[in-house]
Amino acid sequence: MQELDNNIQSEQLARFAKAMGHPTRVAILQFLAKQSECYFGDIHEELPIAKATVSQHLKELKDAGLIQGEVETPKVKYCINKENWQLARSLFGDFFNQCVCKSNSCCGD
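Reading the values: the criteria
- Residues numbered from 1 in each chain as written.
- Predicted model: local features only at pLDDT ≥ 70, side-chain atom pairs only at ≥ 80, totals over all residues.
- Heavy atoms only, no water.
- Helix = DSSP H or I, 4+ residues; strand = E, 2+ residues; numbered from the N terminus.
- Buried < 20%, exposed > 50% of the residue type's maximum accessible area, 1.4 Å probe, protein only.
- Contact = heavy atoms within 4.5 Å.
- Areas by Shrake-Rupley, 256 points an atom, 1.4 Å probe, with all protein chains shown as cover.
- Expected span 1.5 Å × (residues − 1).
- Arc of directions from axis to C-beta.
- Salt bridge = Lys/Arg side-chain N within 4 Å of Asp/Glu carboxyl O.
- Pairing = 2+ DSSP bridges.
- Axes fitted to C-alpha atoms, helices over the stretch in contact; angles between N-to-C directions.
- Lys, Arg positive; Asp, Glu negative; His and termini not counted.
- Core = buried A, V, L, I, M, F, W, Y, C linked by side-chain atoms within 4.5 Å.

### Comments concerning the overall build of the protein
Phase 1 of the analysis: Each helix and strand counted, the protein has 5 helices and 3 strands in total.
Phase 2 of the analysis: Buried residues in the protein amount to 28% of all 109 residues.
Phase 3 of the analysis: Look at the contacts in the protein between residues 6 or more apart in sequence, and 54% of them connect residues 24 or more apart.
Phase 4 of the analysis: In the form shown here, the protein has an accessible surface area of approximately 7800 Å², with 52% of it arising from carbon and sulfur atoms.

This is how it looks when you write it as structure tokens:
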């Protein structure tokens, strides 16, 4: 059962990492993390890229669960998915804290 939990956590960590694997998506997350909510137009104004490109990056972040969107016709409001944001923080923290290296060399020389 522990191995299954580890596999699920590894898959979720990889999903978050993949979604964050593009500088524009990181910029979107940084922008949204400073807002309680914002609309698509706010994001588009902040980033110097085409609307279609912004939409694709938002879709990737939403599919990974890092952000959530709510339609308020004719606009879409976005914000950080706080529950998954905390999960990502925990998973990445656990991942980066597992190194047991004690010396300056990666191989212990």
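There is more to say after this.
### Overview of helix H4 (residues 51–64)
Phase 1 of the analysis: Across its 14 residues, H4 extends 20 Å between first and last C-alpha, which sits within 8% of the 20 Å expected from 1.5 Å per residue.
Phase 2 of the analysis: Inspection of H4 places Val54, His57, Leu58, Leu61 and Ala64 among the buried residues, and these make up the whole buried set. One side of H4 holds all its buried residues, which, seen down the axis, span an arc of 125°. Of the exposed residues in H4, those oriented more than 90 degrees away from the buried face are Ala52 and Asp63.
Phase 3 of the analysis: Of the residues trailing H4, Gly65 is marked for its positive phi of about 90°.

### A look at the pattern of salt bridges
Phase 1 of the analysis: Across all of its chains, the model carries 4 salt bridges by this definition.
Phase 2 of the analysis: Residues Asp63 and Lys59 are paired through a salt bridge, measuring 2.7 Å at the closest nitrogen-oxygen approach. A residue pair is termed a helical-turn pair when its members lie 3 or 4 positions apart in one helix, as Asp63 and Lys59 do in helix H4 at 4 residues.
Phase 3 of the analysis: Relative accessible area serves as the criterion here: at 44%, Lys59 is assigned to the partly exposed category.
Phase 4 of the analysis: Here the residues in one salt-bridge network are Glu37, Glu70, Glu72 and Lys77, joined through shared partners.

### Quick word on the sheet that holds strand S2 (residues 67–72)
Two modes of strand pairing occur in sheets, parallel and antiparallel, and in both the strands are linked by backbone hydrogen bonds.
Phase 1 of the analysis: Pairing is antiparallel across the open sheet formed by 3 strands, whose spatial order is S1-S3-S2. Taken across any chain shown, the strands that pair with only one partner, and hence form the sheet edges, are strand S1 (38–39) and S2.
Phase 2 of the analysis: Across 2 bridges, the pairing between S1 and strand S3 (residues 75–80) is antiparallel. Looking across to S3, one finds that Cys38 is bridged to Tyr78.
Phase 3 of the analysis: The sheet strands contacting helix H2 (residues 23–33) are S1, S2 and S3, and the helix crosses S3 at an angle near 85°.

### What about unusual backbone geometry?
Phase 1 of the analysis: Following Thr73, the chain continues into Pro74 via a peptide bond in cis, with omega recorded as 5°.
Phase 2 of the analysis: Mapped onto the elements, Pro74 comes out in the loop between S2 and S3.

### A short note on the side chain of Arg25
Phase 1 of the analysis: Looking at the secondary structure, you find Arg25 in helix H2.
Phase 2 of the analysis: Buried charged residue Arg25 carries no salt bridge. Nearest counter-charge: Glu60, at 4.7 Å.
Phase 3 of the analysis: Not counting chain neighbours up to four residues away, the residues in contact with Arg25 comprise Lys18, Ala19, His57, Glu60 and Leu61.

### Here we look at the nonpolar core
Phase 1 of the analysis: Counting residues in hydrophobic clusters, the biggest one holds 21 residues, and the most contacted among them are Leu32, Ile43, Leu58 and Ile67.
Phase 2 of the analysis: For this core, the secondary structure elements donating two or more residues are helix H1 (2–19), H2, helix H3 (40–46), H4, S3 and helix H5 (82–96).
Phase 3 of the analysis: Ignoring sequence-local partners within four residues, the contact set of Ile43 consists of Ile28, Phe31, Leu32, Cys38, Val54, Leu58 and Tyr78.

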